[in-house]
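As a plain string of letters, each chain reads:
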Amino acid sequence: MNKDVIVIGGGIIGCAIAYSLQKRGKSVVLLEKHNLVAGASGACDQGILLQSKAPNEHLLLGIRAMEMYKELGRELGRDLEFTQKGYMLLMESELECRVMDGIIEKQRALGLPVERISADEALRRQPGINREEIVGATWCPWDSEVNPYMTALAYADRAAELGCDIRTRTPVTGLVMEGGAVKGVVTPQETMYAETVIDACGVWAPEIGRMAGLEIPIRPRRGQVYITEAVPLFMRCNLLNARYIVAKHHPELLAGDHSLKAQLGVGFCMTQSGKGNVMFGATREFAGMDNRCTLDGLREVLAEATRLMPAVKELNVIRTMSGLRPYSPDSKPLIGFVDGVPGFFMAAGHEGDGVSLAPTTGKMVADLIIDGTTDVPAAASFNPNRFDLRPKAP
Ligand SMILES: Cc1cc2nc3c(=O)[nH]c(=O)nc-3n(C[C@H](O)[C@H](O)[C@H](O)COP(=O)(O)OP(=O)(O)OC[C@H]3O[C@@H](n4cnc5c(N)ncnc54)[C@H](O)[C@@H]3O)c2cc1C
């Protein structure tokens, strides 16, 4: 088989890329070793959360993606459950307020309408928050949510309608290499050839990288969450605690905290879907490729959620789940051709932002492959060659 592009990985990133390329006239095959959305994209939250983005290129990419999401449902012909009800970040200490003030100032300079609000105002916006535990909050009306599962499947379905060949239960087990260039992939069924092979395998991206002699610096960062039964809509906005942001952008400030909660990177996030189910979590832990829920993780997440939002105790949990976020060392995804390995393109490492950034990632990849350039903001800063991808000498 001969195609223009082979996309490896059927998560939200691979599906967005397959659609974006096929839409622009490329012939594409997407290969997924299990079912579509079998990885992190099927075990994650729904936030298009701009406040959580570092006030740099990452935020610009997120703002553009949020704008794209507003039109995406219509473009794909599917209700993606996109809504824009804003997020509040709950602050519990003066240290968090100081850190958040610094971040907010920079985010506002990049155009994000985010503001500090009092604890009383936070309660007015979302009744039920534990007033005793917070000293204030931040508020951003542009923060949104979308159903990640539906989005990935809608991308895949539309790509297939346009002619994309989507194959599930088709693991890539090797790459076809000629003179250092990638020419195709090997699967248990057949060998396929293409001008470009895209590694969109999330936390499994390093496995594909190794087939090309590369060391991709992506590590799994587990997140454990709860899902409750559907209840009448009571969440007027979505919630996150500022500690999650402090831990993400300034881990050094929490270095002295040796509690189990800190070790597991437990933060508080809570959203309610349009159907009424509430999701709350989450841990942010390095636990290798083990994507099981743990008693310690779930206990700490529950303690955190009931402390900040006591009404959680009234909800019936119907399931728990955990997924592996593809962490990269500078928290930014790796998107672009890899120097020295012609034909090999990386699109992985979105950590906790892959849902938010899927539309801009798809567009950026299609632009770079077809035009060699893109108008997606600050695309160069996601170039994978910012890392040394050559294997280190033993
Ligand atoms: C608890 C939790 C909450 C989250 N909340 C949010 C949020 O609110 N907002 C947000 O933006 N992001 C969130 N994320 C992050 C988001 O889920 C990820 O960034 C995103 O799903 C990554 O998508 P992906 O397509 O790169 O990877 P994945 O979805 O993991 O897809 C990779 C795919 O590659 C396939 N694959 C692997 N190896 C091979 C092979 N050899 N051959 C073929 N296929 C292969 C896998 O089976 C898998 O389906 C959250 C994550 C977690 C865990």
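Computed from a prediction, not measured in an experiment: that's the story for all the values here.

1. Thoughts on the overall build of the protein chain
Now for step 1: Within the protein chain, the secondary structure is distributed over ten helices and 18 strands.
Now for step 2: Taken against the 2.2 N^0.38 rule, which gives 21 Å for 394 residues, the C-alpha radius of gyration of the protein chain at 21 Å falls within 12% of a compact globule.
Now for step 3: Its C-alpha atoms put the protein chain at 65 × 50 × 40 Å along the principal axes.
Now for step 4: Residues counted as buried form 51% of the 394 residues belonging to the protein chain.
Now for step 5: The long-range fraction of contacts in the protein chain, counting pairs at least 24 apart against all pairs at least 6 apart in sequence, stands at 76%.

2. Here's the deal with the site of the ligand
Now for step 1: The full set close to the ligand counts 42 residues, and Gly 11, Gly 39, Gly 202, Gly 223 and Gly 354 are the nearest of them.
Now for step 2: Among the secondary structure elements, those contributing two or more residues to the shell around the ligand are helix 1 (12-23), strand 12 (219-230), strand 16 (317-327) and helix 10 (354-370).
Now for step 3: Split into classes, the residues belonging to the shell around the ligand amount to 19 nonpolar, 17 polar and six charged.
Now for step 4: Here the shell around the ligand spans two domains, since at least three of its residues come from each of domain 1 (2-42 + 149-218 + 330-386) and domain 2 (87-141 + 219-327).

3. What to know about the environment of Asp 367
Now for step 1: Along the chain, Asp 367 falls in helix 10.
Now for step 2: With 17 C-beta atoms packed within 10 Å, Asp 367 lands in the partly exposed category.
Now for step 3: Asp 367 has contacts with Thr 373, Thr 374 and Val 376, leaving out every residue within four places of it along the chain.

4. What about the sheet that holds strand 13 (residues 238-241)?
Now for step 1: Spatially, the eight strands line up as an open sheet ordered 5-6-4-13-14-15-12-16, and their pairing is mixed. This sheet does not close on itself; its edge strands, each paired only once, are strand 5 (115-118) and strand 16. For this sheet, the mean angle separating the axes of adjacent strands, direction not counted, is 25 degrees.
Now for step 2: Relative to strand 15 (residues 277-281), strand 12 runs antiparallel, the two being bridged by four bridges. For Val 225, the partnering residue across the bridge sits in strand 15 and is Gly 281.

5. Looking at the nonpolar core
One recurring pattern in soluble globular proteins: nonpolar side chains tend to sit buried together.
Now for step 1: In terms of nonpolar packing, the biggest core is built from 122 residues, with Ile 6, Ile 8, Ala 18, Leu 90 and Ile 198 touching the most fellow members.
Now for step 2: With nine residues, helix 2 (residues 57-76) is the single largest residue contributor to this core.
Now for step 3: Residue-level mapping places this core at the junction of two domains, with at least three residues from each of domain 1 (2-42 + 149-218 + 330-386) and domain 2 (87-141 + 219-327).
Now for step 4: Setting aside its immediate chain neighbours within four residues, Ala 18 contacts Val 7, Val 28, Leu 30, Ala 156, Ala 159 and Cys 164.

6. Some details on the domain arrangement of the protein chain
Now for step 1: Domains assigned within the protein chain are domain 1 (2-42 + 149-218 + 330-386) and domain 2 (87-141 + 219-327).
Now for step 2: A separation of 30 Å is found between the C-alpha centroids of domain 1 and domain 2.
Now for step 3: Every contact between the two is made by ten residues of domain 1 and, on the other side, eight residues of domain 2.
Now for step 4: Residue composition of the side of domain 1 that touches domain 2, by class: five nonpolar, four polar and one charged.

7. Looking at the packing of helix 3 (residues 94-109) against helix 7 (residues 242-249)
Now for step 1: For the pair helix 3 and helix 7, the least separation of the axes is 10 Å and the interaxial angle reads 70 degrees. With respect to helix 7, the element helix 3 is oriented roughly perpendicular. Taken as a pair, helix 3 and helix 7 cross one another with a handedness that is left-handed. Contact residues: helix 3 offers Glu 96, Val 99, Met 100 and Ile 103, while helix 7 offers Ala 242, Arg 243, Ile 245, Val 246 and His 249.
Now for step 2: In the contact of helix 3 with helix 7, the residues fall into six nonpolar, one polar and two charged.

8. Points about helix 1
Now for step 1: Taking 1.5 Å per residue, twelve residues should reach 16 Å; helix 1 reaches 16 Å between its end C-alpha atoms and fits that length.
Now for step 2: Counting buried positions along helix 1 yields eleven of twelve residues, so the element is predominantly enclosed.
Now for step 3: Those residues of helix 1 that are buried are in contact with strand 1 (2-8), strand 2 (28-31), helix 5 (148-161), strand 11 (191-199), strand 18 (344-348) and helix 10.
Now for step 4: Where helix 1 ends, the next residue or the one after it, Gly 25, has phi of about 95 degrees, a positive value.

9. Examining helix 5
Now for step 1: The end-to-end C-alpha separation of helix 5 is 20 Å, in line with the 20 Å expected for 14 residues at 1.5 Å each.
Now for step 2: For helix 5, the complete set of buried residues consists of Pro 148, Thr 151, Ala 152, Leu 153, Ala 154, Tyr 155, Ala 156 and Ala 159.
Now for step 3: Where helix 5 is buried, its residues meet helix 1, strand 2, helix 2, strand 8 (165-167) and helix 10.

Cut-off values and rules
Numbering of residues starts from 1 in each chain and follows the order in which that chain's sequence is written. In keeping with the predicted nature of the model, local features appear solely for residues at pLDDT of at least 70, side-chain atom pairs appear and are counted solely at 80 or more, and the whole-chain, interface and lining totals rest on all residues. The secondary structure listing takes helices from DSSP runs of H or I that are at least 4 residues long and strands from runs of E that are at least 2 residues long, numbered from the N terminus. Radius of gyration: over C-alpha atoms. The globule rule applied is 2.2 Å multiplied by the number of residues raised to the 0.38 power. Exposed residues have 12 or fewer other C-beta atoms within 10 Å of their own C-beta, buried residues have 20 or more, and partly exposed residues fall in between, where C-beta atoms are placed from the backbone. By the convention adopted here, residues are in contact when the distance between their C-beta atoms, placed from the backbone, does not exceed 7 Å. Put plainly, near means the residue's C-beta atom, positioned from the backbone, lies within 6 Å of the molecule or strand in question. As a working rule, the residues Ala, Val, Leu, Ile, Met, Phe, Trp, Tyr, Cys and Pro are called nonpolar, Asp, Glu, Lys and Arg charged, and the rest polar, with Gly in that last group. An automatic or database domain assignment supplies the start and end points of every domain. Think of it this way: DSSP has to see at least two bridges between two strands before they count as a pair. Only C-alpha atoms enter the line fits that serve as axes; for helices the fit covers just the stretch in contact. Angles between N-to-C directions range over 0 to 180 degrees. Joined through C-beta atoms within 7 Å, a set of buried Ala, Val, Leu, Ile, Met, Phe, Trp, Tyr and Cys residues constitutes a nonpolar core. Note that the term roughly parallel is reserved for angles under 35 degrees, roughly antiparallel for angles over 145, roughly perpendicular for angles of 65 to 115, and oblique for everything else. Should the near helix be turned counterclockwise from the far one by less than a right angle, the crossing is left-handed, whereas a clockwise turn marks it as right-handed. An expected span of 1.5 Å times one less than the residue number is assigned to each helix.

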